[in-house]
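Take a look at the letters that make up each chain.
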Amino acid sequence: MQRGKLDNLVAFVAVGRERSFTNAAAKLGVSQSALSHTIRELETRLGVRLLTRTTRSVSPTEAGERLLRTVGPRFEEIETELDAVSQLREKPAGTIRVTATDYAVDTILWPKLTKFLRQYPDIKLEIVIDYGLTDIVAQRYDAGVRAGEQVAKDMIAVRIGPDMRMAVVGAPSYFRRRSEPKRPQDLIGHNCINLRLPTHGGLYAWEFEKGGRELRVRVEGQLVFNGTFQMLNAALAGFGLAYVPEDLVQAHLVRRRLKRVLEDWCPPYSGYHLYYPSRRQSSAAFTLLVDALRHRG
């Protein structure tokens with residue numbers, strides 16, 4: 001149906017319900033003369049009079065009553081559905097898929113999401129643990145979590161955590177058998193616990209920086225994992241050195257279950273960011289999620 005015809009019917013239903021051009025015009029936000037013109041246009045197109053007008057009242061003709069009985073309820077149904085849809089703004093719903101590392105989930109996402117999910121029970125969240133540099137568009141994720149430096153330039157990035165530092169740590173039992181490395185190159189002679197990156201199938205090169213000098217060291221060792229917490233557990237058991245987030249090992253350092261080395265080679269770097277395609281049309285649920293995760297420190 002053409003838009004003009006639909007507008008004419010809306011105008012007729014309003015007048016038929018109100019039995020008044022004045023009240024109907026006020027409800028529709030138009031002038032009485034414009035409304036009267038619209039009704040005459042509809043009657044001309046149908047070739048039948050729909051309303052009987054007097055100086056004191058307006059009432060539907062037989063044809064008008066029939067049209068009001070058939071069309072009126074349908075407009076009421078439409079209005080009801082529109083109201084139901086508008087309520088979604090007050091009660092957001094939908095499924096959001098996010099990919100992140102296990103460490104990011106445990107330390108950043110989950111502490112913030114517990115309150116968020118209770119507040120919006122109709123929002124479903126799927127979190128996939130992944131250490132690869134996943135193409136979130138190709139894999140149909142709504143968003144991903146990475147350190148700020150790893151986010152592609154064509155993505156929108158929202159900081160969700162503070163700056164971070166990495167730490168090279170080992171158990172006291174390990175250092176009873178090995179000397180402490182004084183510089184990153186010394187790691188070549190150590191048993192290091194590696195992290196495998198699934199995207200490229202290779203092992204992660206440990207990154208260091210000092211005095212503007214950057215180094216990437218490809219270490220070797222007996223163990224390879226694809227998760228941070230497994231690397232930490234292996235280091236605690238004395239199987240070698242691990243390169244893990246500083247916050248993850250802080251309590252173990254205080255209790256002297258781990259010892260840190262090469263601290264001056266591990267400067268702070270941009271913390272975790274939630275990223276998503278710039279062309280993404282954000283739903284109400286996704287907008288709320290971004291706001292809940294946003295870092296405000």
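Residues numbered from 1 in each chain as written. Predicted model: local features only at pLDDT ≥ 70, side-chain atom pairs only at ≥ 80, totals over all residues. Heavy atoms only, no water.

A. Region of interest: the overall build of the protein chain. Within the protein chain one finds 9 helices and 15 strands. Taken over the C-alpha trace, the protein chain has a radius of gyration of 33 Å; the compact-globule value for 297 residues is 19 Å, which it surpasses by more than 25%. If you line up the protein chain on its principal axes, its C-alpha atoms span 105 × 35 × 30 Å. Looking at the protein chain residue by residue over its 297 residues, the buried ones come to 42%. When the accessible area of the protein chain is evaluated, it comes to approximately 17300 Å², of which 49% is carbon and sulfur surface. Separation between the mean location of the 44 positive side-chain charges and that of the 33 negative ones in the protein chain comes to 1 Å. (Helix = DSSP H or I, 4+ residues; strand = E, 2+ residues; numbered from the N terminus. Rg over C-alpha atoms; globule rule 2.2 N^0.38 Å. Buried < 20%, exposed > 50% of the residue type's maximum accessible area, 1.4 Å probe, protein only. Areas by Shrake-Rupley, 256 points an atom, 1.4 Å probe, with all protein chains shown as cover. Lys, Arg positive; Asp, Glu negative; His and termini not counted. Charge placed at Lys NZ, Arg CZ, Asp CG, Glu CD.)

B. Geometry of helix α5 (residues 102–119). With 18 residues, α5 should reach 26 Å at 1.5 Å per residue; the first-to-last C-alpha distance of 24 Å fits that figure. Along α5, the sharpest change in direction is near 50° and occurs at L109; proline P111 comes one to four residues later. Along α5, the residues that are buried comprise D102, Y103, A104, V105, I108, L109, L113 and F116. (Expected span 1.5 Å × (residues − 1). Bend = angle between axes of the 7 residues up to and from the residue.)

C. Representation of the side chain of S20 within the structure. Positionally, S20 belongs in the loop between α1 (3–18) and α2 (21–28). Among the polar contacts made by the side chain of S20, one reaches the main-chain amide nitrogen of N23 at a distance of 3.1 Å. In this structure, S20 is in contact with V15 and V58, ignoring residues within four places of it in sequence. (Polar contact = N/O pair within 3.5 Å; in protein donor to acceptor, adjacent residues only side chain to side chain. Contact = heavy atoms within 4.5 Å.)

D. Fine view of the side chain of D142. Within the secondary structure, D142 sits in the loop between β4 (123–129) and β5 (143–147). Within the structure, D142 has its side chain in polar contact with the backbone nitrogen of R97 (distance 2.7 Å).

E. Fine view of the state of the cysteines. Under the definition given, this model contains 0 disulfides. For C192, which is in no disulfide, the shortest distance to another cysteine sulfur is to C266 and amounts to 12 Å. Residue C192 is classed as buried on the basis of its relative accessible area of 1%. (Disulfide = S-S within 2.5 Å.)

F. Examining the environment of F225 more closely. Positionally, F225 belongs in strand β12 (residues 224–225). Taking the C-alpha atoms as reference points, F225 and N194, 31 residues apart in sequence, are found 6.2 Å from one another. With near-sequence residues (within four places) excluded, F225 lies in contact with I193, N194, L195, R196, Q230, M231 and A234.

G. Geometry of the sheet that holds β4. Ordered in space as β4-β3-β5-β15-β6, the 5 strands form an open sheet in which the pairing is mixed. The open sheet has two edge strands with one neighbour each: β4 and β6 (155–159). Strand after strand, the sheet turns through a mean of 30° between neighbouring axes, direction not considered. Across 4 bridges, β5 lies against strand β15 (residues 272–277) in antiparallel orientation. Looking at the pairing, A147 lines up with Y272 of β15. α5 contacts β3 (94–100), β4, β5 and β15 of the sheet and is inclined by roughly 175° relative to β4. (Pairing = 2+ DSSP bridges. Axes fitted to C-alpha atoms, helices over the stretch in contact; angles between N-to-C directions.)

H. Seen up close, the sheet that holds strand β14 (residues 259–261). With antiparallel pairing, the 3 strands of this open sheet are ordered in space as β13-β7-β14. With partners counted over all chains shown, the strands left at the sheet margins are β13 (242–245) and β14, one partner each. Put simply, the sheet's adjacent strands are angled 50° from each other on average, direction ignored. Along the sheet, helix α8 (residues 246–254) makes contact with β7 (166–170), β13 and β14, crossing β13 at roughly 105°.

I. Expanded view of the nonpolar core. Counting 59 residues, the largest nonpolar core has V145, V168, L187, W206 and F208 as the members making the most contacts within it. No other element matches α5, which puts 7 residues into this core. Apart from the residues lying within four places of it in its own chain, the contact partners of W206 are V168, L187, C192, I193, N194, L215, R216, V217, V219, L241, A242 and Y243. Ranked by size, the runner-up nonpolar core spans 19 residues in total, among them L9, F12, I39 and L42. (Core = buried A, V, L, I, M, F, W, Y, C linked by side-chain atoms within 4.5 Å.)

J. Quick look at a nonpolar patch on the surface. A contiguous nonpolar patch, built from L6, V10, L28 and V30 and spanning about 250 Å² of accessible area, is present on the exposed surface. Tracing the chain through its elements places V30 in the loop between α2 and α3 (32–46). By relative accessible area, V30 is classed as partly exposed at 38%. (Patch = residues over 30% accessible without salt bridge, like charges linked within 9 Å, V, L, I, M, F, W, Y side chains within 5 Å. Salt bridge = Lys/Arg side-chain N within 4 Å of Asp/Glu carboxyl O.)

K. Layout of the packing of α5 against helix α9 (residues 284–293). Look at α5 against α9: their axes get within 9 Å of each other, and the N-to-C directions meet at 125°. In this view, α5 runs oblique relative to α9, as classed from their interaxial angle. The crossing of α5 and α9 is right-handed. Facing L109, K112, L113 and F116 of α5, the residues of α9 in contact are A285, L288, L289, A292 and L293. Partitioning the contact of α5 with α9 into residue classes produces 8 nonpolar, no polar and 1 charged. (Parallel < 35°, antiparallel > 145°, perpendicular 65-115°, else oblique. Left-handed = near helix turned anticlockwise from the far one by under 90°. Nonpolar A, V, L, I, M, F, W, Y, C, P; charged D, E, K, R; others polar.)

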